[in-house]
Amino acid sequence: MSKTVLTVDDSRTMRDMLMLALSNAGYRVVQAEDGVHGLEVLESARPDVIITDINMPRMDGFGFIAGVRGDGRHRAVPILVLTTESDATKKDKARRAGATGWIVKPFDPVKLVEAIRRVAA
Amino acid sequence: MSDIDDIEGRRRNNLIQACELIAFRMGSQEFCVDIMSVREIRGWTKATVLPKSPGFVRGVVNLRGTVLPIVDLAARLGFPAAEPTARHVIIVAQIGEQTVGLLVDAVSDILTITGDLVQPTPDVASDMAKTFVRGVLAVDQRMISLIALDQVLPVCEQDAA
Amino acid sequence: MDAMAAIKQTFFQECEEQLGELEIGLLLIQDGDSDPETVNAVFRAVHSIKGGAGAFNLDELVHFAHVFESALDHLRAGRLVASGDVLKIMLRAADMLADVVRAARDGGSTDVTRRDALAAELRALDPDAASDDFVGGDKESSADDSDSFEPVQICFNDFEDGSQNESPPSGNLFNIRFSPKPDLYAKANETALLLRELSHLGAMEVTCDVSRLPMLDELDPEGSYLSWTIALRTDRDEAAIREVFEFVEWDCELDVALGGVAAAREDAALDDLIEKMQASVEAELAAPRAPPGATQSAAAGAPGSPVQASSNSAAVKADSGKSSPATIRVDLDRVDRLINLVGELVINQAMLTQQMLEAGLARGSGVANGLDELEQLTREIQDSVMAIRAQPVKSVFQRMPRLVREVAAMTGKSVRLTTEGENTEVDKTVIERLADPLTHMIRNAIDHGLESPERRAAEGKPEEGLVHLSALHRSGRIVIEIADDGAGIDRSRVKSLAASKGLIAADAPLSDEEIDNLIFLPGFSTASTVSDISGRGVGMDVVRRSIQALGGRISIRSKPRQGSTFTMSLPLTLAVLDGMVVTVAGETLVVPLTAIIETLQPKSAAVHGFGGDTRVIVIRDQFVPLIDVGQELDFRSGIADPCKSVVLLVESEGHIHSALLVDAILGQRQVVIKSLEANYQHVHGIAAATILGDGRVALILDVDAVVTGARAAPPAFEQFCAAEG
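Since this is a predicted model, take the numbers as computed values, not measurements.

1. Observations regarding the overall build of chain A
Okay, so step 1: Looking only at helices and strands, one finds 5 helices and 5 strands in chain A.
Okay, so step 2: Each helix and strand of chain A, ordered N terminal to C terminal, gives the series β-α-β-α-β-α-β-α-β-α.
Okay, so step 3: Counting the 121 residues in chain A, one finds 66% classified as buried.
Okay, so step 4: When contacts within chain A are restricted to residue pairs at least 6 apart in sequence, those whose partners lie at least 24 apart make up 61%.
Okay, so step 5: Carbon and sulfur atoms provide 48% of the accessible area of chain A, an area that totals close to 3900 Å².

So this is what it looks like as structure tokens:
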């Protein structure tokens with residue numbers, strides 16, 4: 001049974017690219033366009049891993065991660081943060097907000113999939 | 001003379017890429033056009049008159065939701081225009097980007113020919129010949145003139161105002 | 001098209017949206033909006049563009065966007081104040097960004113000088129600028145910048161699986177001690193996975209220290225009691241090892257030492273060790289699955305909580321200015337096809353009704369009632385379907401601020417653009433053709449209408465000129481106005497220029513309004529030098545013709561020294577029309593309802609001759625020119641008897657009233673507009689065609705053209721010419 005990835009990003013372009021890379025690798029992909037939407041689909045999507053952007057309207061990545069970690073049912077889901085910022089303070093912030101891993105855009109599809117395989121056994 | 005022949009010859013050959021032609025009658029004469037330009041054949045219906053249009057433009061009719069102009073081909077070629085009746089036929093033809101209806105007396109044949117059957121236009125002093133006719137065919141002792149349609153529609157005049 | 005090419009297209013579409021958001025946001029901030037969400041949105045727009053650009057290796061775009069983004073970051077962090085000057089730079093940067101995007105999309109080139117100058121201006125906004133040693137030019141980037149330009153950054157090792165394990169252990173021996181803290185599990189990290197990662201670096205031996213593991217009844221399920229000692233032989237360096245643990249660095253104790261205390265194991269105890277290792281890994285895997293990770297309080301206890309609080313409040317706050325009804329994306333072709341089909345449906349329904357009536361069906365019968373309902377339903381379907389394609393004029397209005405900035409800069413004038421009614425909706429077919437005439441009129445307003453700042457000051461006006469663009473619905477049409485507070489039409493100049501070009505008689509008595517409308521005549525231009533930006537003398541006549549081609553009208557009102565207002569009135573759609581069906585000389589015509597003021601049955605006493613064959617009719621004490629439509633359109637040569645006809649009082653261009661003479665009125669109907677030009681060509685006096693219930697084509701009258709034609713040359717004169725020629 002293929003694993004489910006929830007991708008949360010307000011950029012259509014980014015969602016499309018993630019969809020392409022992930023579905024080619026055999027993952028089932030569920031998309032959300034910001035943190036609020038991501039939390040809404042969390043229950044029905046039951047993702048095995050989440051990939052989220054940081055900068056989004058309505059609710060940013062940090063808020064979203066906190067929301068996921070605060071939800072008893074989904075606390076253990078690995079979350080990879082996808083962003084162009086490689087600033088150390090931002091990484092720390094994401095980590096302290098509960099992110100499992102970090103991928104800097106632009107991403108190499110092969111590396112992306114490898115990263116997922118490492119956090120989602 | 002030979003130059004004109006050459007040009008004519010090339011034009012003729014260019015026109016006979018397709019081998020099928022639809023022959024039709026106007027008055028006592030017969031003509032034909034490349035079947036690739038023909039979309040369909042319909043019976044005559046009374047056209048809605050267009051104001052201030054040339055005499056050979058009979059008006060427009062409804063072709064399944066499209067407004068189709070009807071050109072009296074005989075009149076266009078310089079023959080006296082006849083009053084169309086229910087027995088007349090409209091050849092719906094594609095001319096460039098536009099679809100036009102050509103009013104003719106009747107459709108007679110579909111001819112399959114090869115390029116060598118087309119003879120050069122007889123050298124007569126006729127505007128019609130020069131503008132529209134690309135060659136003639138001899139079939140069963142009938143003379144059928146091959147018509148090119150690209151000049152059939154009236155030239156669009158820019159609004160002066 | 002392959003998938004990446006399709007995504008690239010999506011990217012550029014998204015860029016356009018982002019650029020729009022960027023401009024809107026900057027303008028709001030310029031107007032005094034201090035909402036932090038506005039700045040955030042502006043930052044996100046540029047950030048988004050940069051992110052996508054990186055994926056497609058659009059280097060120029062990435063570089064410029066990055067510089068812009070940095071400046072915006074200072075703005076949103078409050079390190080930079082949003083002063084007027086700063087905003088001006090930002091707006092120009094936004095324009096430049098748009099150019100770079102489009103160059104990237106279309107393969108063109110950008111103005112490198114302008115770009116670099118703007119980049120320098122943006123960098124200069126950095127409050128820490130003094131401490132950075134920039135050399136300028138876009139290829140140079142500081143150490144900070146270079147981080148984000150690396151194409152691939154994954155904080156996990158990128159090793160090929162397995163191969164390392166087969167080769168004989170080489171390289172250095174590291175002694176690694178790893179003790180996870182409870183928080184590590186809170187982030188859903190797993191030691192097993194990390195250890196697996198580590199094993200890809202080289203040959204590894206793992207010992208699990210279970211000494212701290214308490215008895216079961218003292219065990220805190222969320223505690224962490226295990227630690228590991230790992231001896232790793234690898235030819236990678238310490239940094240590579242630490243990278244594996246990069247993410248859990250703060251949530252564990254990690255010691256990495258080169259060489260040294262690699263526990264010398266006796267071969268005999270190796271199996272023992274492996275067993276223990278397996279067991280501990282399994283225990284590890286089993287343990288955190290129960291309540292995995294920290295509780296809410298643990299996570300909240302971490303210094304991360306202020307982050308959460310602010311994110312939550314951000315979530316609660318509604319996004320102003322964005323209406324969020326659920327939307328879906330639909331291919332425009334499908335919508336167009338749907339609209340055409342519905343148009344056919346309307347025609348067929350009308351034909352059915354007609355045939356039923358001709359078949360002698362009584363009114364009030366079941367079928368007739370059914371048909372009425374069908375007509376009702378069809379009409380509703382048509383309205384709904386037309387609404388799908390209706391769009392707010394915002395998309396066209398949005399291009400104007402930039403245009404204004406450019407024209408103002410080129411003409412050396414100071415201009416402020418205000419807009420109103422951007423959400424007024426109109427069919428997509430109309431919107432697409434609005435941009436050009438609108439652009440022309442705004443250029444004209446700034447170039448010719450507004451005075452220079454010096455002249456304005458001399459007149460006691462504020463140096464900044466005002467251009468107001470508005471849209472609203474009125475009487476089933478959309479009315480767009482462009483008003484400026486400039487010098488107004490110089491009437492004496494216009495009149496003398498028109499006379500000198502032979503457009504009017506030098507002494508013709510013209511009202512102010514008539515003089516103003518002279519500028520619409522072809523060949524008319526008051527520009528003494530052909531102004532480059534108004535497009536080589538493209539005059540208002542071209543503008544008017546493009547408006548007319550849309551079935552619209554344009555007129556002008558002007559007050560000297562106060563300014564001019566152009567008013568465009570357009571149909572809401574080019575697809576359907578409400579019309580009055582009339583007969584003229586035996587032919588059936590449709591007259592657009594919006595042009596008709598009233599209909600009346602003339603009495604012979606009201607009709608008067610006026611020189612030659614011209615006639616006028618008295619309507620409520622006003623003399624209105626009488627136009628014989630049948631004669632105008634050459635449907636008949638004689639003139640109709642007004643008393644046996646019906647008069648349609650119509651209003652056309654410039655609020656001019658005329659009385660159109662037709663034979664009879666058949667009724668009113670909404671008709672589907674069919675193009676005459678598609679298969680034929682433009683016919684003077686005819687706007688388009690439609691198909692009536694009887695299946696026949698009826699022509700739609702172009703009221704403005706008929707009125708203009710009647711006034712230009714009296715019918716008698718034309719007949720004379722025809723007879724002679």
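Still more ground to cover, so stick around.
2. Points about unusual backbone geometry
Trans is the common state for peptide bonds, and a negative phi is the common state for residues other than glycine.
Okay, so step 1: Unusually for a residue other than glycine, A:R58 sits at a positive phi of about 65 degrees.
Okay, so step 2: Positive phi is not limited to glycine here, since C:N57 has a value of about 55 degrees.
Okay, so step 3: Position of C:N57 among the secondary structure elements: in the loop between helix 2 (36-55) and helix 3 (59-76).
Okay, so step 4: The exposed category is assigned to C:N57, whose relative accessible area is 58%.

3. Observations concerning the environment of C:V542
Residues and elements named next belong to chain C.
Okay, so step 1: Tracing the backbone through its elements, the reader meets V542 in helix 23 (residues 540-549).
Okay, so step 2: By relative accessible area, which is 36% here, V542 ends up partly exposed.
Okay, so step 3: In the structure, V542 is positioned 105 residues away from P437 in sequence and 8.4 Å away in space, judged by C-alpha atoms.

4. Re the interface of chain B and chain C
Okay, so step 1: Listed by partner, the interface residues are 29 residues for chain B and 27 residues for chain C.
Okay, so step 2: For the pairing of chain B and chain C, the buried interface totals around 2300 Å² over both sides, and the portion due to carbon and sulfur atoms is 55%.
Okay, so step 3: On the chain B side of the contact with chain C, B:P51, B:K52 and B:V67 bury the most area, a combined 29% of that side's loss.
Okay, so step 4: At the junction of chain B with chain C, the criterion picks out 0 salt bridges.
Okay, so step 5: At the boundary of chain B with chain C, the tally comes to 7 residue pairs in polar contact (both at pLDDT 80 or more).
Okay, so step 6: Of all the elements in the fold, those that place two or more residues in the side of chain B that touches chain C are strand 4 (57-63), strand 5 (66-72) and strand 7 (98-104) of chain B.
Okay, so step 7: Broken down by element, the side of chain B that touches chain C gets its largest block of residues, 4 residues, from strand 4 of chain B.
Okay, so step 8: For the side of chain B that touches chain C, the class distribution of residues is 16 nonpolar, 7 polar and 6 charged.

5. Describing the pairing of strand 18 (residues 622-628) of chain C
Residues and elements named next belong to chain C.
Okay, so step 1: Taken together, the 5 bridges between strand 17 (residues 615-619) and strand 18 define a ladder with antiparallel strand orientation. Within the sheet, the bridge partner assigned to V618 lies in strand 18 and is F623.
Okay, so step 2: As judged from the 3 bridges shared by strand 18 and strand 20 (residues 656-662), these two strands associate in the parallel manner. By the bridge assignment for strand 20, L626 is matched with A659.

6. With respect to the pattern of salt bridges
All names here are of chain C.
Okay, so step 1: This structure, assessed with the given rule, holds 39 salt bridges over all chains.
Okay, so step 2: Notably, a salt bridge pairs E23 with R405, separated by 2.9 Å at the nearest N-O pair. Of this pair, E23 sits in helix 1 (residues 3-30) while R405 sits in helix 17 (residues 400-411); the two residues are 382 residues apart in sequence, bridging distant segments of the chain.
Okay, so step 3: Overall, the relative accessible area of 12% leaves E23 in the buried class.
Okay, so step 4: The exposure class of R405 is partly exposed, given its relative accessible area of 22%.
Okay, so step 5: Here E451 makes a salt bridge to K461, at a shortest N to O gap of 2.7 Å. Pair noted here: E451 is in the loop between helix 19 (435-449) and helix 20 (453-458) and K461 is in the loop between helix 20 and strand 9 (465-474), with a separation of 10 residues, a long-range link.
Okay, so step 6: We classify E451 as buried; its relative accessible area is 5%.
Okay, so step 7: A network of salt bridges, in which partner residues are shared, links E23, D95, D99, R114, R402, R405 and E406.

7. Description of the sheet that holds strand 21 (residues 664-672) of chain C
Residues and elements named next belong to chain C.
Okay, so step 1: Strand order in the open sheet formed by 5 strands is 21-13-14-23-22, and the pairing between neighbours is mixed. Each edge of the open sheet carries a strand with a single partner, namely strand 21 and strand 22 (686-691). Ignoring strand direction, the axes of neighbouring strands in this sheet form an average angle of 35 degrees.
Okay, so step 2: Looking at chain direction, strand 22 and strand 23 (residues 697-701) are connected through 5 bridges and run antiparallel. Bridge pairing in strand 23 places I691 opposite V697.

8. Describing a nonpolar patch on the surface
Residue and element names in this part refer to chain C.
Okay, so step 1: Among the surface-exposed residues, V210, L213 and L219 lie close enough to one another that they form a single nonpolar patch of about 230 Å² accessible area.
Okay, so step 2: Tracing the backbone through its elements, the reader meets V210 in the loop between strand 3 (203-209) and strand 4 (227-234).
Okay, so step 3: The partly exposed category is assigned to V210, whose relative accessible area is 43%.

9. Let's talk about helix 21 (residues 491-500) of chain C
Residues and elements named next belong to chain C.
Okay, so step 1: Within helix 21 the residues assigned to the buried category are R491, V494 and A498. Buried residues of helix 21, viewed axially, fall in a sector of 65 degrees; they line one side. Opposite the buried face of helix 21, by more than 90 degrees, sit the exposed residues S492 and S500.
Okay, so step 2: In this fold, the buried residues of helix 21 make contact with helix 22 (512-516) and strand 11 (553-559).

10. Describing the sheet that holds strand 18 of chain C
Residue and element names in this part refer to chain C.
Okay, so step 1: Spatially, 15-19-20-18-17-16 is the arrangement adopted by the 6 strands of the open sheet, whose pairing is mixed. The open sheet has two edge strands, strand 15 (596-600) and strand 16 (607-609), and neither has a second partner. Ignoring which end each strand starts from, the neighbouring axes of this sheet average 35 degrees apart.
Okay, so step 2: Bridge count for strand 15 against strand 19 (residues 646-652) is 4 bridges, and the pairing is antiparallel. The residue of strand 19 that forms the bridge with E598 is L649.

11. Focus on the pairing of strand 11 (residues 142-147) of chain B
Residues and elements named next belong to chain B.
Okay, so step 1: Here strand 2 (residues 29-34) runs beside strand 11; their pairing, made up of 3 bridges, is parallel. Across the sheet, E30 pairs through a bridge with I144, a residue of strand 11.
Okay, so step 2: Judged from the 6 bridges that link them, strand 10 (residues 133-139) and strand 11 form a sheet pairing that is antiparallel. Bridge assignment links G135 to a residue of strand 11, and that residue is L146.
Okay, so step 3: Here strand 10 folds back onto strand 11 in antiparallel fashion, the turn holding 2 residues, of which D140 has a positive phi close to 50 degrees.

12. A short note on the environment of C:E598
Residue and element names in this part refer to chain C.
Okay, so step 1: Tracing the sequence through the fold places E598 in strand 15.
Okay, so step 2: Residue E598 is classed as partly exposed on the basis of its relative accessible area of 22%.
Okay, so step 3: With 51 residues separating them in the primary sequence, E598 and L649 have C-alpha atoms 5.3 Å apart.
Okay, so step 4: A distance of 2.4 Å separates polar atoms of two side chains, one belonging to E598 and the other to R620.

13. Notes on the packing of helix 4 (residues 84-106) of chain C against helix 5 (residues 112-124) of chain C
Residues and elements named next belong to chain C.
Okay, so step 1: Look at helix 4 against helix 5: their axes get within 10 Å of each other, and the N-to-C directions meet at 140 degrees. When the axes of helix 4 and helix 5 are compared, the pair comes out oblique. In the crossing of helix 4 with helix 5, the sense of the turn from one axis to the other is left-handed. Facing helix 4, whose interface residues are I89, M90, R92, A93, D95, M96 and D99, helix 5 presents R114, R115, L118, E121 and L122.
Okay, so step 2: Class assignment for the residues of the contact of helix 4 with helix 5 results in 6 nonpolar, no polar and 6 charged.

14. Re the packing of aromatic side chains
When we look at a pair of aromatic rings, we describe it by the centre distance and by the angle of the planes.
Residue and element names in this part refer to chain B.
Okay, so step 1: Per the counting criterion, the structure on display carries 7 aromatic pairs over all chains.
Okay, so step 2: Taking the centre distance of 6.2 Å and the plane angle of 25 degrees together, the rings of F24 and F31 count as stacked. Assigned by exposure class, F24 and F31 land together as buried.
Okay, so step 3: Through successive ring pairs, a cluster of aromatic residues spans F24, F31 and F79.

15. A closer look at helix 3 of chain C
All names here are of chain C.
Okay, so step 1: Under the 1.5 Å per step criterion, the end-to-end length of helix 3 is 25 Å for 18 residues, consistent within 8% with the ideal 26 Å.
Okay, so step 2: Burial within helix 3 is extensive, with 13 of its 18 residues counted as buried.
Okay, so step 3: With its phi angle positive at about 80 degrees, G78 sits one or two positions after the end of helix 3.

16. Some details on the packing of helix 14 (residues 332-358) of chain C against helix 15 (residues 366-389) of chain C
Residues and elements named next belong to chain C.
Okay, so step 1: Two numbers describe how helix 14 lies on helix 15: the axes approach to 10 Å, and their chain directions differ by 160 degrees. Taken together, the axis directions place helix 14 and helix 15 in an arrangement best described as roughly antiparallel. Crossing geometry of helix 14 relative to helix 15 is assigned as left-handed. In contact with V335, D336, L338, I339, V342, G343, L345, V346, Q349, L352, T353 and M356 of helix 14, helix 15 contributes V367, L371, L374, E375, T378, I381, Q382, V385, M386, I388 and R389.
Okay, so step 2: Within the contact of helix 14 with helix 15, the residues separate by chemical class into 15 nonpolar, 5 polar and 3 charged.

Reading the values: rules and limits
- Residues numbered from 1 in each chain as written.
- Chains lettered and ligands numbered in written order.
- Predicted model: local features only at pLDDT ≥ 70, side-chain atom pairs only at ≥ 80, totals over all residues.
- Heavy atoms only, no water.
- Helix = DSSP H or I, 4+ residues; strand = E, 2+ residues; numbered from the N terminus.
- Buried < 20%, exposed > 50% of the residue type's maximum accessible area, 1.4 Å probe, protein only.
- Contact = heavy atoms within 4.5 Å.
- Areas by Shrake-Rupley, 256 points an atom, 1.4 Å probe, with all protein chains shown as cover.
- Buried area = accessible area lost by both parts, 1.4 Å probe.
- Salt bridge = Lys/Arg side-chain N within 4 Å of Asp/Glu carboxyl O.
- Polar contact = N/O pair within 3.5 Å; in protein donor to acceptor, adjacent residues only side chain to side chain.
- Nonpolar A, V, L, I, M, F, W, Y, C, P; charged D, E, K, R; others polar.
- Pairing = 2+ DSSP bridges.
- Axes fitted to C-alpha atoms, helices over the stretch in contact; angles between N-to-C directions.
- Patch = residues over 30% accessible without salt bridge, like charges linked within 9 Å, V, L, I, M, F, W, Y side chains within 5 Å.
- Arc of directions from axis to C-beta.
- Parallel < 35°, antiparallel > 145°, perpendicular 65-115°, else oblique.
- Left-handed = near helix turned anticlockwise from the far one by under 90°.
- Phe/Tyr/Trp six-rings, centres within 6.5 Å; stacked < 30°, edge-to-face > 60°.
- Expected span 1.5 Å × (residues − 1).

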